[in-house]
Each structure stands twice: as C-alpha cells, then as structure tokens.
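So you can see what is in the structure, the chains are spelled out below.
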Amino acid sequence: MRPPMDLMMMASSLEASKVICRIKDYPMEGGDWNSFKRDFLDFNPDILVLSITTPTIREDFLALDIARGINPKVLTVAKGAHFSIYDSEILREYKNLDIVIKGESETVIQEIITSNNWDSIQGINYRDKGEIRKNKERPFLDNLDKLPFPARHLVRNELYIRPDTKEPMAVIETSRGCPYDCIFCLVKEVAGKKVRCRSPK
C-alpha cells in the first residue's frame, strides 16, 4: 500500500489557499463506514473529495450517501482514472456526486473552490440543475516544478512500509506521462503520452 499522493497533492494546493484539509486512508487505517460517519460529523466539511479506484468504485461511493445523509449541501467531488473514460456515465448513475475531475487535479480543485462559474473550469464534468455538463479537456502541466510538495503531515506516514524490509517508506513523484501503449494501463489517458519530469532539485 502506498500513501494517497493524489489527495496529498490536492491538499497542499488547497492549504496554500488557507483551506483546512483532512485526509483519511480508511483501507490502511482499518476504518469502516461507522468511522467515516464519525469523522464526517466531527469535521463537518464543506467539500468531500474522494479518490476512486475502478475495482472498488461502488463501495467507495457509499461515502456519498453517508455524507449527503448528514449534510445535504456538502459539495461532493471525485477523481480517479475511471473518469478519464466514464465521466458522464458516473454522474448519471450516482446522483449524490456533483463533480468529477479528469486528469491532473491540483489546479482544478483550487478553481472549484474559488469559482462560482464551473463551466469555465477545464477538466471537469459536473451536475447543473439535474443536467450533466462536460467541460473542455484540461491541458497537462508542462512544468511539474510548479506543483507543491505533498501534504505528508496529513497522513500517518508510519503506516506505509516496505514489504521486504518492513521499514517506513516515502513515495516521490519524479515524472508524469508515458509514450507507450500498453493495453492494460491508463497512464497515457490520465497523464498523457508526453513524459514530463520534475527537476532533481
């Protein structure tokens, strides 16, 4: 198991705008839906952001129903490779989901919280008075050095250990994109075919 780098990067972007964030890795911390409900009641967030994987998508989206049952006005956002292809379909199926993010999410999430006009935000599909809107694709970032470092202070880093040595590990993202066309991989859909690197520094 690796730390939720996507959520940690998004949280760093939000914290730069003075947004208070929490991250909970329920599979890693052994949480269940009761603990999610307790955490949601305790934090009472304005926005719930879910990082979704295709094999667990139906279970992951139970969080939407719980959150809306507590706060019908909470803004719900989901990201994940699944939405690179099944973006509008997911919004049609899951009525408690407001926005799906496609591609790189760090700048998108900032625009979502600061904009009153979602139709100008590239890289999202969203629900508008019952209608599903599909915005333009967002170009991939060329300069990854502009991205913040992940918000490691928001996760329990000691839980992520190497399977061989049982020592703590940290994940560092050095690049995005891949020029190859492996049929089993969504990297080119999620991050593009152009390889973009962060500087060693």
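Here's what I pulled together on the structure shown here. Position labels on residues start from 1 in each chain and follow its written sequence. The predicted origin of the model limits local features to residues at a pLDDT of at least 70 and limits the giving and counting of side-chain atom pairs to 80 or more, whereas totals for whole chains, interfaces and linings rest on all residues. Excluding hydrogens and water, the side-chain values take into account all heavy atoms of the structure.

Things to note about the sheet that holds strand β1 (residues 47–51)
Strands pair in a sheet through their backbones, by hydrogen bonds, and they do so in one of two ways: parallel or antiparallel. Pairing within the open sheet is mixed, and its 5 strands lie in the order β1-β2-β3-β4-β5. At either end of the open sheet lies a strand with only one pairing partner, and these are β1 and β5 (131–134). Averaged over all pairs of adjacent strands, the angle between their axes in this sheet comes to 20 degrees, without regard to strand direction. Whether two strands pair depends on DSSP finding at least two bridges between them. Secondary structure counts use DSSP, requiring at least four H or I residues in a row for a helix and at least two E residues in a row for a strand, with both numbered from the N terminus. As judged from the 3 bridges shared by strand β3 (residues 99–101) and strand β4 (residues 124–128), these two strands associate in the antiparallel manner. Opposite Ile101, over in β4, you have Ile124 as the bridge partner. Set on the sheet, helix α1 (residues 5–15) makes contact with β1, β2 (75–79) and β3; between it and β1 the angle comes to about 150 degrees. Between the N-to-C directions of two axes lies an angle of 0 to 180 degrees, each axis being a line fitted to C-alpha atoms and, for a helix, fitted only over the stretch in contact. Whether two residues touch is decided by their heavy atoms; if any such pair falls within 4.5 Å, the residues are in contact.

Examining the nonpolar core
Soluble globular proteins tend to bury their nonpolar side chains together. Side-chain atoms within 4.5 Å are what join buried Ala, Val, Leu, Ile, Met, Phe, Trp, Tyr and Cys residues into a set we call a nonpolar core. For each residue, the accessible area found with a 1.4 Å probe, counting protein chains only, is set against the maximum for its type, and the residue is called buried under 20%, exposed over 50%, and partly exposed in between. Ile23, Ile99, Ile101, Ile112 and Ile124 are the most contacted members of the largest nonpolar core, which totals 23 residues. Elements supplying a minimum of two residues to this core: α1, β2, β3, α7 (106–114) and β4. Per-element tally for this core: the top contributor is α1, with 6 residues. Excluding anything up to four places from it in sequence, Ile124 contacts Ile99, Val100, Ile101, Lys102, Val108, Ile112, Trp118, Arg133, Lys134 and Asn135. Counting residues in each nonpolar core, the second largest holds 19 residues, with Leu48, Leu50, Leu97 and Val100 among its members.

Digging into the pattern of salt bridges
The term salt bridge refers to a side-chain nitrogen of Lys or Arg lying within 4 Å of a carboxyl oxygen of Asp or Glu. Following the criterion strictly, the structure yields 20 salt bridges and no others. A salt bridge links Lys194 to Asp142; the shortest N-O distance between them is 3.4 Å. Separated by 52 residues along the polypeptide, Lys194 in the loop between α8 (187–191) and β7 (196–197) and Asp142 in the loop between β5 and β6 (175–176) bring together distant segments of the chain. Taken individually, Lys194 and Asp142 each receive the classification exposed, so the pair is uniform in this respect. As a salt-bridge pair, Arg156 and Glu158 come within 3.1 Å of each other at their nearest N and O atoms.

Side note on the packing of aromatic side chains
Between rings of Phe, Tyr and Trp, where Trp is taken as its six-membered ring, a pair exists when centres lie within 6.5 Å; planes separated by under 30 degrees are stacked, by over 60 edge-to-face, and by other angles tilted. This model, assessed by the stated rule, comprises 6 aromatic pairs. Ring geometry for Trp33 and Phe36: centres 5.9 Å apart, planes at 90 degrees, overall edge-to-face. Highlighted residues: Trp33 and Phe36, both in helix α3 (residues 33–43), separated by 3 residues, approximately one helical turn. Owing to a relative accessible area of 35%, Trp33 belongs among the partly exposed residues under this scheme. Residue classification places Phe36 among the buried residues on the basis of a relative accessible area of 7%. Ring centres of Phe61 and Phe83 lie 6.5 Å apart, and the angle between their planes is 25 degrees; on these two criteria the pair is classed as stacked.

Looking at unusual backbone geometry
Residues apart from glycine generally show negative phi values, whereas peptide bonds are mostly found in trans. Backbone geometry at Asn44 places phi at a positive 50 degrees, although glycine is not the residue there. Position of Asn44 relative to the elements: it lies in the loop between α3 and β1. Positive phi values are uncommon outside glycine, yet Lys166 reaches one of about 65 degrees. Checked against the element boundaries, Lys166 lands in the loop between β5 and β6. Residue Lys166 is classed as exposed on the basis of its relative accessible area, which comes to 55%.

Everything listed is a geometric property; what it means functionally is a separate question.
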